[in-house]
Amino acid sequence: MRVLLVEDDESIAESLIAGLERERFVVTWVTTGGGALAEAHEGFDLVLLDLGLPDLDGLDVCRALRQASDVPIIVLTARDTETDRVVGLELGADDYLGKPFGFRELLARIRAVLRRRGPSEHREHPDRLECGPIAVDVRTHEARVEGTAVDLTPKEFDLLRYLIEDPGAIRTRQGILEEVWDRNWFGPTKTLDVHIASLRRKLGDPTLIETVRGVGFRARPSEPLP
Ligand code: CA
């Protein structure tokens, strides 16, 4: 995945680049609107666009990028007013994130945008993940089991989402701790077991999340159709 990052604040850019590269994105960084437009035809998979740029208005850059290609654009900005938000989306941005934001939040938006754009069965319900009787809405943070809402803490929600993003895939204990808690988790992994137990209890069916002994956990994939 090739990402064009348009951001004039060096410290923000550096931390974003570190995070994105950790997620195996290949990042090209420019600090100006002019720089962004010069890269517009380079075939990126995604553009992260700051609106407050030193040379051009970010909204003009957004419009020009959209005219040049249909690359997904996520606008990142401190200008978090309703007007900018609406204008940005009208100019063709796919999503909008007000600063300050957490990296995990950005990553969730990136995944949602790429999923929405990608050739996948998720296209109609881009923010909805399903696994057997479980459905979660990543935008509203709602989780349901067989249509009944389940009240989860934010960590439980993140944990559930990570497990069902890829139904049946084994998620290692370390992978879960890095993804849901922090990339450098040195604390006791008992935290994970406590959250798994609580999540199983709230889901009402402990077998929906399987323990893979000595490795980690996985969400039980849907039963094959008869
Ligand atoms: Ca800026």
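This text goes with the structure placed above it.
Right, let's walk through the structure included here.

Reading guide: rules and limits
- Residues numbered from 1 in each chain as written.
- Predicted model: local features only at pLDDT ≥ 70, side-chain atom pairs only at ≥ 80, totals over all residues.
- Heavy atoms only, no water.
- Core = buried A, V, L, I, M, F, W, Y, C linked by side-chain atoms within 4.5 Å.
- Buried < 20%, exposed > 50% of the residue type's maximum accessible area, 1.4 Å probe, protein only.
- Helix = DSSP H or I, 4+ residues; strand = E, 2+ residues; numbered from the N terminus.
- Contact = heavy atoms within 4.5 Å.
- Pairing = 2+ DSSP bridges.
- Axes fitted to C-alpha atoms, helices over the stretch in contact; angles between N-to-C directions.

**Structural notes on the nonpolar core**
Argument step 1. V136, L160 and I176 are the most contacted members of the largest nonpolar core, which has 27 residues in total.
Argument step 2. Of all elements in the fold, only β6 (128–131), β7 (134–137), β8 (142–145), α6 (154–164), α7 (173–181), α8 (190–203) and β12 (216–219) reach the threshold of two or more residues within this core.
Argument step 3. Here this core takes six residues from α6, the largest share from any one element.
Argument step 4. Contacts of I176, omitting those with residues within four sequence positions, involve L159, Y162, L163, R171, W181, L192 and F217.
Argument step 5. L51, C62, V75 and Y96 belong to the second-largest nonpolar core, a separate cluster that totals 20 residues.

**A word on the sheet that holds strand β2 (residues 26–30)**
The strands that make up a sheet are held in pairs by hydrogen bonds between backbone atoms, and each pair lies either parallel or antiparallel.
Argument step 1. Pairing is parallel across the open sheet formed by five strands, whose spatial order is β2-β1-β3-β4-β5. Each of the sheet's edge strands pairs with one partner strand only, and the pair in question is β2 and β5 (95–98). Within this sheet the neighbouring strands show an average axis-to-axis angle of 20 degrees, counted without direction.
Argument step 2. Judged from the four bridges that link them, strand β4 (residues 73–77) and β5 form a sheet pairing that is parallel. Bridge assignment links T77 to a residue of β5, and that residue is G98.
Argument step 3. This element, helix α1 (residues 10–22), spans β1 (2–6), β2, β3 (46–50) and β4 of the sheet and lies at about 170 degrees to β2.

**Some points on the sheet that holds β12**
Argument step 1. On the basis of which strands lie adjacent, the open sheet formed by three strands has the order β10-β12-β11 and antiparallel pairing. Single-partner strands in this sheet number two, and they are β10 (171–172) and β11 (209–212).
Argument step 2. Summarising the sheet, β11 and β12 pair through four bridges and their orientation is antiparallel. Considered in β12, the bridge of V212 is made with G216.
Argument step 3. Here α6 sits on the sheet and contacts β10, β11 and β12; the angle it forms with β12, its principal contact strand, is near 75 degrees.

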